[in-house]
Amino acid sequence: IFFVILRQNHIDISMDNLPQDPAMLFSYINMLLRDRYESLEALCDDMGIDPQELKSRLAASGWEYNPDANKFW
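Residues numbered from 1 in each chain as written. Predicted model: local features only at pLDDT ≥ 70, side-chain atom pairs only at ≥ 80, totals over all residues. Heavy atoms only, no water.

Asker: How do you make sense of the nonpolar core when you look at a structure like this?
Answerer: Side chains of a nonpolar character, in soluble globular proteins, are inclined to be buried together. Residues Leu-18, Ile-29, Leu-43, Met-47, Ile-49, Leu-54 and Phe-72 are the most contacted members of the largest nonpolar core, which totals 19 residues. Within the residue set of this core, elements represented by two or more residues are α1 (22-35), α2 (40-47) and α3 (51-59). With 5 residues, α1 is the largest single contributor of residues to this core. Excluding residues that lie within four positions of it along the chain, Leu-43 makes contacts with Ile-29, Leu-32, Leu-33, Tyr-37, Ile-49 and Leu-54. (Core = buried A, V, L, I, M, F, W, Y, C linked by side-chain atoms within 4.5 Å. Buried < 20%, exposed > 50% of the residue type's maximum accessible area, 1.4 Å probe, protein only. Helix = DSSP H or I, 4+ residues; strand = E, 2+ residues; numbered from the N terminus. Contact = heavy atoms within 4.5 Å.)

What follows is the structure in structure tokens.
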């Protein structure tokens, strides 16, 4: 379970509050990229998280971000 604080169209969430299971994190981030955000940078900016930290966390499980497809694979 993770907690989200909503503030006028801005979501504030820390990396610690994202899903800890790598497959769940992968699925959650790709869902947000597909449904709400045009880029990883827009997602991270809106959520207040570091894009490099997110990329590193997903890369540790073998996934990398493809900006042309706007998803991790």
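Still to come is the rest of the account.
Asker: Looking at this model, I keep getting lost on the packing of aromatic side chains. Mind explaining?
Answerer: For any pair of aromatic rings, the description rests on two quantities: the centre-to-centre distance and the angle between the ring planes. With the rule as written, the count across this model stands at 2 aromatic pairs. Seen from their ring centres, Phe-26 and Trp-63 are 4.3 Å apart, and the 15° between their planes marks the pair as stacked. With Phe-26 in helix α1 and Trp-63 in the loop between α3 and β3 (65-66), this residue pair connects regions lying 37 residues apart in the sequence. Here Tyr-65 and Phe-72 contribute two aromatic rings whose centre-to-centre distance is 5.3 Å and whose plane-to-plane angle is 55°, an arrangement assigned as tilted. The same class applies to Tyr-65 as to Phe-72, namely buried. (Phe/Tyr/Trp six-rings, centres within 6.5 Å; stacked < 30°, edge-to-face > 60°.)

Asker: When you look at the packing of α2 against α3 in this model, what are you seeing that I'm missing?
Answerer: Packed helix pairs are characterised by how far apart their axes lie and by the angle those axes make with each other. Running from amino to carboxyl end, α2 crosses α3 at an angle of 115°, the nearest separation of the two axes being 9 Å. Compared by their axis directions, α2 and α3 come out roughly perpendicular. Side by side, α2 and α3 meet where Leu-40, Glu-41, Leu-43 and Cys-44 of the first sit next to Pro-51, Leu-54 and Lys-55 of the second. Each residue belonging to the contact of α2 with α3 can be placed in one class, and the counts come to 5 nonpolar, no polar and 2 charged. (Axes fitted to C-alpha atoms, helices over the stretch in contact; angles between N-to-C directions. Parallel < 35°, antiparallel > 145°, perpendicular 65-115°, else oblique. Nonpolar A, V, L, I, M, F, W, Y, C, P; charged D, E, K, R; others polar.)

Function cannot be read off these values alone, since they describe shape.
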